Amino acid sequence: MTEPTSSAVREEASGNRRLALLLAMAMFVLVVDTSLMNVSISAVVRDIGTTVSGVQSAIALEALVSAAFILIGSKIGDLFGRKRAYVLGLLGYAIGAVAMTLAQGLTAIIIFWSIVGGLGASLLLPSMQSLIHGNFEGAAQKKVYALVGAAAAIAAAVGPLLGGFITTYLSWRVAFLLEAVVIAIVLSGIGLVRDAPYTGPRGVDVVGALVSVLGMGGIVLGILVWQEGGESVAAILAIGALALIGLVVWLRRRKRQGRPTLIDPHLFRSKIFRLGITQQMLQQIVLGGLMIALPIYLQMVLEYDAMRAGLSLAPLSLSMFAIAMLAGKRAGRRRASSIVRVGFLLVTIGTGVLIPIVPRADSGWSLAVPLMVAGSGLGLLVSQLNNYTLGPISEERVSEAAGVNSAAGSFGLSFGLAFAGAIMLATLSVTFTNMADASSVLPADDKQRVAQALEDDAEVMSNTQLESLLVDQPDEIQDEIVRINTDARPIALQVALLIPLLAGLAGLSNSFRMMRLPEPRPSGTVGGLALG
């Protein structure tokens with residue numbers, strides 16, 4: 001009896017180790033996906049014949065879909081099974097990756113990568129957290145949470161480098177194909193997963209779910225429509241804002257009636273929780289703004305390929321990873337609120353220093369020091385905000401609170417991506433037009449035509465590409481249009497960087513309010529539930 005029992009124990013332990021590794025692989029793909037897209041913008045634009053603004057919209061939309069549906073995704077896992085939601089989430093991501101491998105136009109990318117992939121992420125994160133909790137216990141559970149968290153941190157750190165290398169020396173299509181292969185490997189071990197049954201209330205707040213999607217979607221989609229020159233922008237933004245206000249009213253009313261709510265509005269009675277999710281959102285606005293404006297700048301202005309763009313962004317991602325790991329271990333008795341304050345201060349300084357450097361930079365390495373400063377600040381924020389936000393929440397409600405925290409962060413990321421990108425491209429358009437109108441070289445009857453052409457095309461062209469397009473024009477016209485192109489783009493980036501700068505200043509201001517509150521005691525389950 002002893003030998004079979006011992007063999008069964010060893011087999012179970014081996015299976016659990018494999019499952020832990022597969023969960024870490026799933027998280028790695030989840031995090032590395034957007035980094036890969038960011039450093040491949042110019043290659044995607046060139047290969048499928050689209051625009052920078054179109055690809056930027058696809059990136060922002062993917063983050064928006066994930067944010068808008070993550071709370072609904074959690075409820076779907078509760079009602080229909082966490083294992084089933086986990087599989088559907090992986091399949092959604094796989095569909096997005098395969099679509100990127102085969103895509104011949106922007107429409108396919110938006111439908112399959114942005115929307116289907118975003119829905120996959122909204123199912124994957126909540127179900128993964130529940131399955132870790134249901135498949136591991138005690139010390140083993142903590143180790144798996146640590147392993148999956150480390151996989152996310154490593155993916156964030158090496159994502160730009162890995163994506164840049166594969167895109168430059170192979171193809172961005174190969175990189176997304178490798179994502180699909182990793183997901184297939186993860187799915188091959190699905191038999192190791194035990195479902196984690198849900199025993200709570202099974203009521204569904206359908207109206208709350210729809211209004212939350214309408215609110216977050218209206219705000220970000222309004223920005224994207226404005227970026228693309230669409231109509232009814234104010235109406236879309238107003239619908240989004242009114243929907244968010246209506247959501248608050250609806251949740252309070254449902255709570256008073258004792259009926260199921262999408263999220264418990266009583267969570268927001270905690271000042272610490274309110275401040276925490278606000279800071280989480282501001283942190284992600286900073287990150288989203290930097291991670292859309294800088295790759296576009298590096299590939300548009302400095303004409304970097306994906307590898308050189310990834311290397312130029314490495315000081316930001318690697319310093320964020322290193323400081324997050326170090327601060328998590330060495331924080332000691334220091335107040336989380338004081339570390340958050342230092343984090344936002346460094347983010348603000350780093351971003352502020354970038355703004356005057358941009359027009360003078362002739363290399364990505366000119367940005368290295370301010371990017372390290374900003375990355376160090378983001379690392380401090382990553383190390384503290386989850387524990388701070390969820391610390392005062394009781395254990396039976398911490399899973400729901402973690403979902404709200406993840407949704408706030410994802411919404412902040414999508415807002416930062418959309419708003420910084422939209423401001424950058426709108427500034428390009430206005431600056432091109434004004435510079436063309438002020439030119440003493442361009443013929444008067446051609447100025448409007450040139451301004452319109454620059455508005456449509458210069459955003460996706462390097463000077464080298466622009467020169468080849470203008471080869472039939474007189475030399476003085478070529479030189480003048482290239483000069484306008486050269487002078488306008490750094491100005492646009494400077495304006496775009498104001499978005500993460502203002503978010504950093506808002507976070508710094510909030511940190512002083514945090515300092516006036518008592519420090520929360522971290523919950524023992526927070527580390528695992530804050531995977532998103």
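Check the entry above for the structure.
Residues numbered from 1 in each chain as written. Predicted model: local features only at pLDDT ≥ 70, side-chain atom pairs only at ≥ 80, totals over all residues. Heavy atoms only, no water.

Engineer: Whenever I open this one, the overall build of the chain confuses me. Can you help?
Structural biologist: Along the chain, the regular secondary structure elements total 19 helices and 0 strands. A total of 532 residues make up the chain; the buried ones form 55% of that total. Considering only contacts in the chain between residues 6 or more positions apart, those separated by 24 or more positions represent 85%. (Helix = DSSP H or I, 4+ residues; strand = E, 2+ residues; numbered from the N terminus. Buried < 20%, exposed > 50% of the residue type's maximum accessible area, 1.4 Å probe, protein only. Contact = heavy atoms within 4.5 Å.)

Engineer: Which parts of the structure should I look at to understand a nonpolar patch on the surface?
Structural biologist: A cluster of nonpolar side chains, namely Ile-95, Ile-111 and Phe-112, defines an oily patch on the protein surface of about 250 Å² accessible area. You can see Phe-112 is positioned in helix α5 (residues 106–135). (Patch = residues over 30% accessible without salt bridge, like charges linked within 9 Å, V, L, I, M, F, W, Y side chains within 5 Å. Areas by Shrake-Rupley, 256 points an atom, 1.4 Å probe, with all protein chains shown as cover. Salt bridge = Lys/Arg side-chain N within 4 Å of Asp/Glu carboxyl O.)

Engineer: Help me out: how do you make sense of the pattern of salt bridges in this one?
Structural biologist: Where charged atoms from two side chains of opposite charge come close, those side chains can pair. All chains considered together, the criterion is met by 4 salt bridges. Across the salt bridge formed by Asp-205 and Arg-254, the nearest N and O atoms sit 3.9 Å from each other. In this pair, Asp-205 sits in the loop between α7 (172–188) and α8 (206–227) while Arg-254 sits in helix α9 (residues 233–256), placing the two residues 49 residues apart along the sequence. Side by side, Asp-205 and Arg-254 carry an identical accessibility label, which is buried. A salt bridge links Asp-487 to Arg-483; the nearest nitrogen and oxygen atoms lie 3.0 Å apart. With Asp-487 and Arg-483 both in helix α17 (residues 475–496) and 4 residues apart, this pair spans about one turn of that helix. You can call Arg-483 partly exposed: its relative accessible area is 35%.

Engineer: Help me out: how do you make sense of helix α3 (residues 52–80) in this one?
Structural biologist: Because an α-helix completes one turn every 3.6 residues, residues spaced three or four positions apart along the sequence face the same direction. Here α3 spans 39 Å end to end across 29 residues, near enough to the 42 Å set by a 1.5 Å rise per residue. The sharpest bend along α3 comes to roughly 50°, located at Ile-70. Most of α3 is tucked away: 24 of the 29 residues are buried. The backbone nitrogen of Gly-54 lies 3.0 Å from a side-chain oxygen of the residue at the head of α3, namely Thr-51. Of the residues flanking the end of α3, it is Gly-81, one or two places downstream, whose phi is positive at about 110°. (Expected span 1.5 Å × (residues − 1). Bend = angle between axes of the 7 residues up to and from the residue. Polar contact = N/O pair within 3.5 Å; in protein donor to acceptor, adjacent residues only side chain to side chain.)

Engineer: It is not clear to me how the nonpolar core should be interpreted in this structure. Could you clarify?
Structural biologist: For soluble globular proteins, nonpolar side chains are generally found buried alongside one another. Ile-109 and Tyr-297 are the most contacted members of the largest nonpolar core, which has 96 residues in total. Sorting elements by how many residues they give to this core places helix α10 (residues 271–300) first, with 15 residues. Those residues in contact with Ile-109, other than ones at most four positions away along the chain, are Met-37, Val-44, Ile-48, Ala-58, Met-100, Ala-103 and Ser-114. Listed in part, the 45 residues of the second largest apolar core include Val-29, Val-148, Val-186 and Leu-247. (Core = buried A, V, L, I, M, F, W, Y, C linked by side-chain atoms within 4.5 Å.)

Engineer: Please clarify how the packing of aromatic side chains should be interpreted in this entry.
Structural biologist: Two descriptors summarise a pair of aromatic rings, namely the distance from one centre to the other and the angle between the planes of the rings. Overall, the coordinates contain 5 aromatic pairs when judged by the stated rule. Judged by centre distance (5.5 Å) and plane angle (70°), the rings of Phe-268 and Phe-273 are edge-to-face. On the basis of relative accessible area, Phe-268 is assigned to the partly exposed category, the value being 26%. With 5.4 Å between their ring centres and 45° between their planes, Phe-415 and Phe-419 make a pair best called tilted. Placement of the pair is Phe-415 and Phe-419 together in helix α14 (residues 398–438), with a separation of 4 residues, close to one helical turn. Of the residues examined, Phe-415 reaches a relative accessible area of 21% and is grouped as partly exposed. Take Phe-419: its relative accessible area is 25%, and that puts it in the partly exposed class. (Phe/Tyr/Trp six-rings, centres within 6.5 Å; stacked < 30°, edge-to-face > 60°.)

Engineer: I'm lost on the side chain of Gln-280 in this one. Help?
Structural biologist: Structurally, Gln-280 can be placed in helix α10. Excluding its chain neighbours within four sequence positions, the residues that come into contact with Gln-280 are Leu-385, Asn-386, Asn-405 and Gly-409.

Engineer: I'm lost on the packing of helix α2 (residues 41–48) against α10 in this one. Help?
Structural biologist: Axes are the key here: two packed helices are described by the angle between their axes and the distance separating the axes. For the pair α2 and α10, the least separation of the axes is 9 Å and the interaxial angle reads 65°. Each of Ile-41, Ser-42 and Ala-43 in α2 lies in contact with α10, whose residues at this interface are Ile-292, Ile-296 and Gln-299. Across the contact of α2 with α10, the residue classes tally to 4 nonpolar, 2 polar and no charged. (Axes fitted to C-alpha atoms, helices over the stretch in contact; angles between N-to-C directions. Nonpolar A, V, L, I, M, F, W, Y, C, P; charged D, E, K, R; others polar.)

Engineer: Explain empty space enclosed by the protein here, please?
Structural biologist: Remark: the empty space left among the atoms is shown by a probe the size of a water molecule rolled over them. The full count for this structure, using the stated rule, is 1 cavity of 30 Å³ or more. Looking at the largest cavity, its volume works out to about 30 Å³. Taken together, Asp-33, Glu-62, Tyr-93, Gly-96, Ala-97, Trp-113 and Gly-117 make up the lining of the largest cavity. Put simply, the parts of the chain that give the lining of the largest cavity at least two residues each are α4 (82–102) and α5. Ranked by residues supplied to the lining of the largest cavity, first place goes to α4 with 3 residues. Along the lines of polarity and charge, the residues of the lining of the largest cavity split into 3 nonpolar, 2 polar and 2 charged. (1 Å grid on protein atoms, 1.4 Å probe; cavity = no way out; pocket = protein on both sides within 12 Å on 5 of 7 lines; lining within 4 Å. Points joined across faces, edges and corners; volume = space filled by probe spheres on them.)

Engineer: It is not clear to me how the environment of Gly-81 should be interpreted in this structure. Could you clarify?
Structural biologist: With respect to the helices, strands and loops of the structure, Gly-81 is situated in the loop between α3 and α4. The sequence separation of Gly-81 and Asp-195 amounts to 114 residues, and the corresponding C-alpha distance is 6.9 Å.

Engineer: Even after reading the chapter, I still don't get the environment of Ala-20, so can you show me in this structure?
Structural biologist: Secondary-structure assignment places Ala-20 in helix α1 (residues 2–39). Accessibility expressed as a relative area gives 7% for Ala-20, which makes it buried. Sequence-wise, Ala-20 and Gln-141 are 121 residues apart; in three dimensions their C-alpha atoms are separated by 9.4 Å. Apart from the residues lying within four places of it in its own chain, the contact partners of Ala-20 are Phe-136, Val-144 and Leu-147.

Engineer: Explain a positive patch on the surface here, please?
Structural biologist: A contiguous patch of positive charge, built from Arg-252, Arg-253, Arg-256 and Arg-259, is present on the exposed surface. Looking at the secondary structure, you find Arg-256 in helix α9. (Lys, Arg positive; Asp, Glu negative; His and termini not counted. Charge placed at Lys NZ, Arg CZ, Asp CG, Glu CD.)

Engineer: I tried to follow helix α12 (residues 336–357) on my own but got confused; where do I start?
Structural biologist: Taking 1.5 Å per residue as the helical rise, α12 with its 22 residues ought to reach 32 Å, and the 32 Å between its terminal C-alpha atoms agrees with that figure. When α12 is considered as a whole, its buried residues turn out to be Ala-336, Ser-337, Ile-339, Val-340, Gly-343, Phe-344, Val-347, Thr-348, Gly-350, Thr-351, Leu-354 and Ile-355. Contact partners of the buried residues in α12: α10, α13 (368–390), α17 and α18 (498–515).

Engineer: Just to check I follow, could you spell out the environment of Leu-508 for this structure?
Structural biologist: Here Leu-508 lies in helix α18. Assessed through its relative accessible area of 16%, Leu-508 is described here as buried. Each C-alpha atom of the pair Leu-508 and Gln-279 lies 9.1 Å from the other, and the pair is 229 residues apart in sequence. If we skip the residues at most four places from it in the chain, Leu-508 touches Arg-341, Phe-344 and Leu-345.

Read these as layout, nothing more, since geometry by itself doesn't imply function.
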